[in-house]
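Results of the structural survey
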Amino acid sequence: MSRILLAAVLALGLSACSDDPDEVTPDSGTNPTVDAGTDAGTDVDAGTDVDAGTDAGPGSSNGSGKLPCSRTGTVSTDAGTLTYCVAQVGATEVKYIEPKQGIVPEPMRLAIYLHGDGASVYNGNNPRSLFTNGGWTYGHNTLYVTALAPNKCAWWVKPEYTDCPKEGVPLSERDLEGKNAAELVSLIEALRKGWDIQDAPILFGGSSGGSIQLTASFLPRYGDRYPGIYALSCGGEKPWSGQMDWDASNAALRGGTKFWFTYGDQDELLQDIQEAEQYLGGFQFPVNEKIIPDAGHCAFDQVGRVAEVWSEATAQ
């Protein structure tokens, strides 16, 4: 990781790890109206129950039963007022919106968004990660899931490190063991068991630290199992391990995975993002970019950009 990223991480930590410059970051990263400690009964062991690599082509999961809700709420979107469900999968709390029924038959797509440090767009009774993207997914046969990091703050940090909203986070606290990536796999598998979901592509979205988690940890470990469309706002890195754990030069294993990077030309993470683009391009992944002039870190609608990419990538 470059010295630029170190400075950026420390700077972001000193500003309460916020992923939204226009919002006040909550002091703990937890939503006081949500019982985050309640396990809704779905806990998938990522080490023993992942077999998506064998059926990641045409087809679907044939799941049913959904995820049980610990709480429900409503959110105002472009598609009207929609109901969302709060559920728990292992260490990960999620809020999800099911797609409108009757537009097109199942199977449905799956879209997962990972917030930036501080989780401000996830928290609250009217979370921006729901109302900004939920309207599009609702009308496009897509189950939308916004996921809270296991430590309630940052997806790139060890789940047991819970001091993120305070001082700067040391680079030694990066989740190099991939615990959060394994949690994301558990979530995907639980969702596939709960709904009839298309095998590919999964629509991934991330902002800042969420984008870093997807490119530096999840993709190198599980990218061959879960081909996807990656909408990455103001973040991204090369694999922390220095390599892919699977043969990314094999076009069949890449499975149609594509990347969209959006970032400001004044972003503190600029060098790391561009190095990630070059690294992925070296494996012949399609890599798209949109550079925002005169913009610093996440100084644009990084959440809304995710839905724009998903819409473009699915041509709907």
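As the structure is a prediction and not an experimental result, all values here were calculated from the model.

1. A word on the confidence of the model for the protein
The pLDDT averaged across the protein works out to 84; a share of 80% of its residues lies at or above 70. Note on residues 1-18: pLDDT is under 50 here. Beyond four places in sequence and across chains, it has 44 contacts. For the stretch residues 20-57, pLDDT sits under 50, and the model shows 76 contacts to residues farther than four places along the chain or on other chains.

2. Some thoughts on the pattern of salt bridges
Going through the model one piece at a time under the given rule, you end up with eight salt bridges. Among the salt bridges present, the one from Asp 301 reaches Arg 128, with a minimum N-O distance of 3.2 Å. Of this pair, Asp 301 sits in the loop between β9 (287-292) and α8 (302-314) while Arg 128 sits in helix α2 (residues 128-131); the two residues are 173 residues apart in sequence, bridging distant segments of the chain. Residue class for Asp 301 comes out partly exposed when judged on its relative accessible area of 42%. Salt bridges sharing common partners tie together Glu 160, Glu 177 and Lys 179.

3. With respect to the pairing of strand β8 (residues 258-264)
β8 sits mainly inside the fold: six of its seven residues count as buried. Relative to β8, strand β7 (residues 228-233) runs parallel, the two being bridged by five bridges. Pairing of Leu 232 across the sheet is with Phe 261, part of β8. Since β8 and β9 lie parallel, the crossover through helix α7 (residues 270-281) that links them has a hand, and here it is right-handed.

Thresholds, definitions, all that
- Residues numbered from 1 in each chain as written.
- Predicted model: local features only at pLDDT ≥ 70, side-chain atom pairs only at ≥ 80, totals over all residues.
- Heavy atoms only, no water.
- pLDDT = per-residue confidence, 0-100.
- Contact = heavy atoms within 4.5 Å.
- Salt bridge = Lys/Arg side-chain N within 4 Å of Asp/Glu carboxyl O.
- Helix = DSSP H or I, 4+ residues; strand = E, 2+ residues; numbered from the N terminus.
- Buried < 20%, exposed > 50% of the residue type's maximum accessible area, 1.4 Å probe, protein only.
- Pairing = 2+ DSSP bridges.
- Right-handed = clockwise from strand over helix to strand, strands pointing away.

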